[in-house]
Amino acid sequence: MTAPVRVRFAPSPTGRPQVGNIRTAMFDWLFARHTGGTFILRIEDTDVTRKVEGAVEYIMEGLKWLGLDWDEGPDVGGDYGPYYQSQRLDLYKQAAERLVEQGNAYYCYCSPERLEAMRKEQVARKQPPGYDRLCRNLSPQETAAKESAGIKPVVRFKVPTEGQTGFHDLIYGDVVFENSNIDDFVMLKSDGYPTYHLANVVDDHAMKISHVIRGEDWISSTPRHILMYRAFGYEPPQYIHNPLILGPDRSKLSKRHGAMSILEYRDDGYLPETMFNFIALIGWSLDDKTELMTRQQLVENFSLERMGKTGAIFNKEKLDWMNGVYIRSLTIDDLTQRALPFLDKGLPENIKRPLDVDYVRQVMPLIQERAKKLAEIPELTKFFFTEELNYDPALLIAKNMTAESTLKTLEVASQRIQPLSSFNEEVLEALLRPLAEELGIKAGQLFSPLRTAVSGETATPPLFEMMEVLGKGRCLKRIDEAVAKLKKLSS
Ligand code: GLU
């Protein structure tokens, strides 16, 4: 019988989680949901010097935004808590002491100065760095002397000096390290805090973790963990190390490639659906070609076997494309609701708030095809909301037209629009297309000044649809303003 799947995301609250961390959480979550297992959030906050205020909240908010809900964790509790390592210090201390008693670990009294001098010497001699094991064989008398001098020791693990330590990784296969390359690492610091290694092993065992999914950068720590598992007499979990995420140029992922912390994507107007789909496909694939997958499809199809050693590429262009796809798939009501906070924040301050939600709803279909991110929507739509358009009147003048001919054209257009009793796309089309013909100009020579007049811009949604949403009053006012600008220009 295999043990039930219990996986944990174990972030250290040292900053804002990046895509790589979140991908780990996502694989944990997908694996748990696919197998009907348990997803645990554990905060590894024992490195007091690196703790960042607000990081835990930020991590939780990011996970929640993506819908990565945890079954056990700091706020929801669970049978294996507490889920903050800083609240489990006694457990680590007892575990370390147990290994000392068993002869698998020892107290080390070396001062930071001595360790630093040792390190410098190793560098100078081009020797591999690592503790020289001075305290490994202290006699009881020597130990007693150090103790009575009041020196607070650390606890180090006694790594065998010979042989090998290996483990089987689901992605990397059999990984083997020479014990001679592993130094007697610290398990418990002199202030009573555990190191990552000790706390990680103690908790993974105590919380009955079945699979450890984490970044490849932890591979070199794993043999130390295996050694500790053996010393404790515990069964180690299954290991699944994920390759680091790379940019399209195969260099380490950085800001330059468009990498940000998770909530920055939210604030930039990426949809959580997009991020979920996109991140899940960094290093996992269904069949090497399927790009669009819903959360449900990912849960149904997720398997550890299809995680790869390669292909963990972060492609910002793909992300933007995918977000466009998801934005286009939203209903207008949904898009409106999601766009509102962005409009509120991004539209010029002089635009009256609260925004008219019905009007926003009318505007949305016009930009749904074009918007790649929600944060672009204010810029794409601001002319729908603003009272005053500031544009260069020269933009009103189409090819082979002059200020005067444009002015006349717009005046006629305005006159013809005025009596319209209904003002919609079809009516405008039926009115304006023949008008160009009547005036003996090309359609573009009428439409392009009209477009600029009503929007102040040259690239916009389709003219008639846009005019319909803007409404007759606003369009006429703007056409008249354009006429006035042209008059100034030609006088
Ligand atoms: N606290 C470690 C981190 O921040 C956890 C690594 C692991 O999953 O073992 O990534």
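Residues numbered from 1 in each chain as written. Predicted model: local features only at pLDDT ≥ 70, side-chain atom pairs only at ≥ 80, totals over all residues. Heavy atoms only, no water.

Undergrad: Can you help me understand the overall build of the protein in this one?
TA: Along its length, the protein carries 19 helices and nine strands. For the protein, whose C-alpha radius of gyration is 32 Å, the value lies well above the compact-globule estimate of 23 Å for 491 residues. Each of the three principal axes of the protein carries a C-alpha extent, and together these read 110 × 50 × 40 Å. For the protein, buried positions account for 48% of its 491 residues. When contacts within the protein are restricted to residue pairs at least 6 apart in sequence, long-range pairs at least 24 apart make up 75% of them. (Helix = DSSP H or I, 4+ residues; strand = E, 2+ residues; numbered from the N terminus. Rg over C-alpha atoms; globule rule 2.2 N^0.38 Å. Buried < 20%, exposed > 50% of the residue type's maximum accessible area, 1.4 Å probe, protein only. Contact = heavy atoms within 4.5 Å.)

Undergrad: Would you mind going over the nonpolar core with me for this structure?
TA: Proteins that are soluble and globular tend to have nonpolar side chains buried together. Formed by 146 residues in total, the largest nonpolar core has its most connected members in Leu30, Leu198, Ile262, Tyr265, Phe384 and Phe385. It is helix α1 (residues 19-35) that provides the largest number of residues to this core, a total of nine residues. Grouped together as the second largest cluster of nonpolar side chains are seven residues, Cys108, Cys110, Met118 and Tyr131 included. (Core = buried A, V, L, I, M, F, W, Y, C linked by side-chain atoms within 4.5 Å.)

Undergrad: Help me out: how do you make sense of the site of the ligand in this one?
TA: Around the ligand sit Arg8, Ala10, Ser12, Glu44, Tyr196, Asn200, Arg214 and Trp218, and that is every residue in its neighbourhood. Ser12 is positioned with one of its side-chain polar atoms (N or O) 2.8 Å from a nitrogen atom of the ligand. Measuring from an oxygen atom of the ligand, one finds a side-chain N or O atom of Tyr196 at 2.8 Å. Summarising the interface, the protein chains cover 86% of the accessible area of the ligand, which totals 300 Å² for the free molecule. Split into classes, the residues belonging to the shell around the ligand amount to three nonpolar, two polar and three charged. (Near = heavy atom within 4 Å. Polar contact = N/O pair within 3.5 Å; in protein donor to acceptor, adjacent residues only side chain to side chain. Areas by Shrake-Rupley, 256 points an atom, 1.4 Å probe, with all protein chains shown as cover. Nonpolar A, V, L, I, M, F, W, Y, C, P; charged D, E, K, R; others polar.)

Undergrad: Whenever I open this one, the sheet that holds strand β7 (residues 186-188) confuses me. Can you help?
TA: Where strands meet in a sheet, backbone hydrogen bonds hold them as pairs that are either parallel or antiparallel. With antiparallel pairing, three strands are arranged side by side in an open sheet as β3-β4-β7. Strands at the two margins of the open sheet, each flanked by one partner only, are β3 (105-108) and β7. Pairwise comparison of adjacent strand axes, ignoring direction, gives a mean angle of 45° for this sheet. Bridge count between β3 and strand β4 (residues 154-157): four bridges; the pairing is antiparallel. Its bridge partner lying in β4, Tyr107 is registered against Val155. (Pairing = 2+ DSSP bridges. Axes fitted to C-alpha atoms, helices over the stretch in contact; angles between N-to-C directions.)

Undergrad: Hey, could you run me through the environment of Lys309 in this one?
TA: For Lys309, the location among the structural elements is in the loop between α10 (295-301) and α11 (316-328). Distance from Lys309 to Asp184, taken between C-alpha atoms, is 30 Å for residues 125 residues apart in sequence. Ignoring anything within four residues of it in the chain, the contact list for Lys309 reads Ile171, Tyr172 and Pro243.

Undergrad: Quick question: what am I supposed to make of the packing of helix α15 (residues 403-417) against helix α19 (residues 472-490) here?
TA: Helix-helix packing: each pair is described by the crossing angle between the helix axes and the interaxial distance. Two numbers describe how α15 lies on α19: the axes approach to 9 Å, and their chain directions differ by 155°. It follows from the interaxial angle that α15 and α19 lie roughly antiparallel. Here the hand of the crossing between α15 and α19 comes out left-handed. Residues Ala403, Glu404, Thr406, Leu407, Leu410, Glu411, Ser414 and Ile417 of α15 pack against Lys472, Leu476, Ile479, Asp480, Ala482, Val483, Leu486, Lys487, Leu489 and Ser490 of α19. (Parallel < 35°, antiparallel > 145°, perpendicular 65-115°, else oblique. Left-handed = near helix turned anticlockwise from the far one by under 90°.)

Undergrad: Can you help me understand α11 in this one?
TA: Residues that lie three or four places apart on an α-helix share one face, since the helix turns once every 3.6 residues. Counted at 1.5 Å a residue, the expected span for α11 with its 13 residues is 18 Å, and the 18 Å between its end C-alpha atoms agrees. Listing the buried residues of α11 in full gives Leu319, Asp320, Met322, Asn323, Gly324, Tyr326 and Ile327. Taken together, the buried residues of α11 touch α8 (262-267), α9 (272-280) and α12 (332-346). Measuring from the side-chain oxygen of the N-cap residue of α11 to the backbone nitrogen of Glu317 gives 3.0 Å; that N-cap residue is Asn315. (Expected span 1.5 Å × (residues − 1).)

Undergrad: What is the right way to look at the side chain of Thr274 in this model?
TA: Within the secondary structure layout, Thr274 lies in helix α9. Residue contacts for Thr274: discarding those within four places in its chain leaves Leu319, Met322, Asn323 and Tyr326.

Undergrad: Sorry if this is basic, but what is going on with the packing of α12 against helix α13 (residues 357-367) here?
TA: As a packed pair, α12 and α13 sit with axes 9 Å apart at the nearest point and diverge in direction by 110°. In this view, α12 runs roughly perpendicular relative to α13, as classed from their interaxial angle. Like other packed secondary-structure pairs, α12 and α13 cross with a definite hand, here right-handed. Across the interface between the two elements, Ile332, Asp333, Leu335, Thr336, Gln337, Ala339, Leu340 and Leu343 of α12 pack against Val357, Val360, Arg361, Met364 and Pro365 of α13.

Undergrad: Looking at this model, I keep getting lost on the packing of aromatic side chains. Mind explaining?
TA: One pass over the structure, following the stated rule, counts 12 aromatic pairs. Relative to Phe302, the ring of Phe27 has its centre 5.6 Å away and its plane inclined at 35°; by these criteria the two rings are tilted. Of this pair, Phe27 sits in helix α1 while Phe302 is found in the loop between α10 and α11, placing the two residues 275 residues apart along the sequence. Relative accessible area serves as the criterion here: at 0%, Phe27 is assigned to the buried category. Overall, the relative accessible area of 1% leaves Phe302 in the buried class. Through a chain of ring-to-ring contacts, the aromatic side chains of Phe27, Trp284 and Phe302 assemble into a single cluster. Sitting above the plane of the Phe276 ring, Arg295 keeps its charged end 4.2 Å from the centroid. Over the ring of Tyr391 we find Lys485, and its NZ or CZ is 4.4 Å from the ring centre. (Phe/Tyr/Trp six-rings, centres within 6.5 Å; stacked < 30°, edge-to-face > 60°. Lys NZ or Arg CZ within 6 Å of the ring centre and 35° of its normal.)

Undergrad: How should I be thinking about the pairing of strand β1 (residues 6-9) in this particular structure?
TA: Each regular strand shows side chains that alternate between the opposite faces of the sheet. Alternating positions in β1 separate into two faces, Arg6 and Arg8 on one and Val7 and Phe9 on the other, with burial throughout. In this structure, β1 lies alongside strand β2 (residues 38-41), joined through four bridges in parallel fashion. Paired with Val7 across the two strands is Phe39, which belongs to β2. Each parallel crossover has a hand, and for β1 linked through α1 to β2 it is right-handed. (Right-handed = clockwise from strand over helix to strand, strands pointing away.)

Undergrad: Sorry if this is basic, but what is going on with the pattern of salt bridges here?
TA: When the charged atoms of two side chains with opposite charge come close together, those side chains can pair. Scanning the entire structure with this criterion turns up 34 salt bridges. The network of salt bridges with shared partners includes Arg8, Arg42, Glu44, Arg88, Asp203 and Asp204. (Salt bridge = Lys/Arg side-chain N within 4 Å of Asp/Glu carboxyl O.)

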